[in-house]
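What follows is the residue order along each chain.
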Amino acid sequence: MARDRGMPEAFAAHGSGTRPRPRGPSIPAVASVAQFVETIMKTMIDSGDPTAFRGQKNYEWSGLAPIFRPGEKLVSHEHQIVRELISVHPQEFQQDATMFDRLVRMQHYGLPTRLLDVTLNPLVALFFAAQDFSKEVEKGGKTTKTPMDGKVILYRVPEDRSKYYDSDTVSCLANLANLHSRHKWAIQHIGVGEDVEVFTAETR
């Protein structure tokens, strides 16, 4: 299986009407639902149940959250976008108890966020991976469309790193969306044993 930092595994799913595309030797290709189910079952027997699944219609795409993907420019203005959206449509977020709830709603309406959509059902992931998708390729001054295969990613999260939606960890990570980019940078560069009171005063 293909592994990303020891966490996800991936299967390449052939899209409708496409031919197999070159891929890494460790990523198995599946061409039918039956073959996919058989492969998933074998993986679960060999390695245990995955925590979640994700389907992507282009196997070249990374598994990054939308706001962190290459070419996405909103990340440096994340806090402004979040606050402006809530101030313009406050009624849409009245029922949200936490910042995590708000991010879920924002992503549902199409705003790139720091959340990544996953599912507990491998067949749901397969549905998204099997969607038709063509990549535009320029060659010789002409643009052609090349059909691409999809990908199903399996995530295994260690039990000691699994958190519920109302945990302090999830709350802290979700509320990073409210911080200015310079404050996020400061958090990333706080050294061990450093006095964090300076940072706290700066972000107030």
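Everything discussed here concerns the structure shown above.
This structure is a prediction, so every number in the text was calculated from the model and none was measured. (Residues numbered from 1 in each chain as written. Predicted model: local features only at pLDDT ≥ 70, side-chain atom pairs only at ≥ 80, totals over all residues. Heavy atoms only, no water.)

### A short note on the packing of helix H1 (residues 33-47) against helix H4 (residues 122-129)
In step 1: Running from amino to carboxyl end, H1 crosses H4 at an angle of 135 degrees, the nearest separation of the two axes being 11 Å. Taken as axis vectors, H1 and H4 run oblique relative to one another. Helix-helix and strand crossings are classified by hand; for H1 and H4 the assignment is right-handed. Contacts between H1 and H4 involve Val33, Phe36, Val37 and Ile40 on the former and, on the latter, Pro122, Leu123 and Leu126.
In step 2: Along the lines of polarity and charge, the residues of the contact of H1 with H4 split into seven nonpolar, no polar and no charged. (Axes fitted to C-alpha atoms, helices over the stretch in contact; angles between N-to-C directions. Helix = DSSP H or I, 4+ residues; strand = E, 2+ residues; numbered from the N terminus. Parallel < 35°, antiparallel > 145°, perpendicular 65-115°, else oblique. Left-handed = near helix turned anticlockwise from the far one by under 90°. Contact = heavy atoms within 4.5 Å. Nonpolar A, V, L, I, M, F, W, Y, C, P; charged D, E, K, R; others polar.)

### A few points about the packing of aromatic side chains
In step 1: Scanning the entire structure with this criterion turns up two aromatic pairs.
In step 2: Here Trp61 and Phe133 contribute two aromatic rings whose centre-to-centre distance is 5.1 Å and whose plane-to-plane angle is 65 degrees, an arrangement assigned as edge-to-face. Highlighted residues: Trp61 in the loop between strand E3 (52-56) and helix H2 (78-88) and Phe133 in the loop between H4 and strand E4 (134-139), separated in sequence by 72 residues.
In step 3: With a centroid separation of 5.4 Å and 80 degrees between ring planes, the pair formed by Phe127 and Phe128 is classed as edge-to-face.
In step 4: Phe128 gets classed as partly exposed once you look at its relative accessible area, which sits at 45%. (Phe/Tyr/Trp six-rings, centres within 6.5 Å; stacked < 30°, edge-to-face > 60°. Buried < 20%, exposed > 50% of the residue type's maximum accessible area, 1.4 Å probe, protein only.)

### Here we look at H2
In step 1: The complete set of buried residues in H2 reads Glu78, His79, Val82 and Ile86. Buried residues of H2, viewed axially, fall in a sector of 100 degrees; they line one side. For H2, the exposed residues lying more than 90 degrees away from the buried face are Glu84, Ser87 and Val88. (Arc of directions from axis to C-beta.)

### Regarding the side chain of Arg156
In step 1: Here Arg156 shows up in the loop between strand E6 (150-155) and helix H5 (168-175).
In step 2: We classify Arg156 as buried; its relative accessible area is 16%.
In step 3: Polar side-chain contacts of Arg156 include one of 3.5 Å to the backbone oxygen of Ser47.
In step 4: From its side chain, Arg156 meets the backbone oxygen of Gly48 in a polar contact 2.6 Å long. (Polar contact = N/O pair within 3.5 Å; in protein donor to acceptor, adjacent residues only side chain to side chain.)

### Here we look at the nonpolar core
In step 1: Of all hydrophobic cores here, the largest spans 10 residues; its members are Val82, Ile86, Phe93, Met99, Leu103, Met106, Leu111, Leu115, Ala174 and Ala177.
In step 2: Those elements giving two or more residues to this core turn out to be H2 and helix H3 (99-108).
In step 3: In terms of residues, this core owes the most to one element, H3, which gives three residues.
In step 4: Residues contacting Ala174, with those up to four places away along its chain left out, are Met99, Phe100, Leu103 and Arg114.
In step 5: Within the second largest apolar cluster, nine residues are counted, among which are Val30, Phe36, Ile40 and Phe53. (Core = buried A, V, L, I, M, F, W, Y, C linked by side-chain atoms within 4.5 Å.)

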